[in-house]
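Descriptive structure summary
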Amino acid sequence: MSDPLDLAAEREAELRSDALADQARRSGLAGKTVADSATKCRICQTPIPNARRHALPGVQTCIDCQTDLERAGLAVMH
Ligand SMILES: [Zn+2]
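Residues numbered from 1 in each chain as written. Predicted model: local features only at pLDDT ≥ 70, side-chain atom pairs only at ≥ 80, totals over all residues. Heavy atoms only, no water.

**Concerning the coordination of the zinc ion**
For clarity, the threshold we go by: Each metal site lists N, O and S donors within 2.8 Å (3.2 Å for Na, K and Ca). With water left out of the atoms, a site can look as if it is missing ligands. Sites are called tetrahedral only when four donors show all angles between 85 and 135 degrees, square planar or octahedral only when four or six donors show opposite pairs over 155 degrees and all other angles between 65 and 115, and irregular in any remaining case. For helices the rule is a DSSP run of H or I covering at least 4 residues; for strands it is a run of E covering at least 2, with both sets numbered from the N terminus onward. With a 1.4 Å probe rolled over the protein chains alone, any residue whose accessible area is under 20% of its type maximum counts as buried; one over 50% counts as exposed, and the rest are partly exposed.
Summarising the metal site, the zinc ion is bound by the protein donors Cys41 (SG), Cys44 (SG), Cys62 (SG) and Cys65 (SG), whose distances to it range over 2.3 Å. For the zinc ion, the four donor atoms in the first shell make angles of 104 to 118° at the metal, a pattern classed as tetrahedral. Written as a sequence motif, the donor arrangement for the zinc ion is C-x2-C-x17-C-x2-C. Placement of the pair is cysteine 41 in the loop between helix H1 (4-26) and helix H2 (50-55) and cysteine 65 in helix H3 (residues 63-72), with a sequence separation of 24 residues. By relative accessible area, cysteine 41 is classed as buried at 0%.

Put into structure tokens, the structure is as follows:
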């Protein structure tokens, strides 16, 4: 026969891993790629390097255009 304490501990561990998975989903960590990042700059169409897309999830512009936007005070906040 099973020990009620073991069952309780099992259930608790289950809940905890569910919560962690949920948190990961919410913070965008679970299986998240760079799908939200543009492959090309939306302004000049220059391909955006993968390294930049990984470093700045959701990035839409190349470094040159981003610099211009920041200078103009029009930068999109990430
Ligand atoms: Zn650009």
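**With respect to the pattern of salt bridges**
Inclusion rule: The salt bridge criterion pairs a side-chain nitrogen of Lys or Arg with a carboxyl oxygen of Asp or Glu, the two atoms within 4 Å.
Under the defined criterion, the tally for this structure stands at two salt bridges. A salt bridge links glutamate 14 to arginine 11, with the nearest nitrogen and oxygen atoms 2.6 Å apart. One end of the pair is glutamate 14 and the other is arginine 11, both in helix H1 and three residues apart, which spans about a single turn. Since its relative accessible area comes to 41%, glutamate 14 is described here as partly exposed.

**What about unusual backbone geometry?**
Here glutamine 45, not a glycine, exhibits a phi torsion of approximately 65°, which is positive. Within the element layout of this structure, glutamine 45 appears in the loop between H1 and H2.

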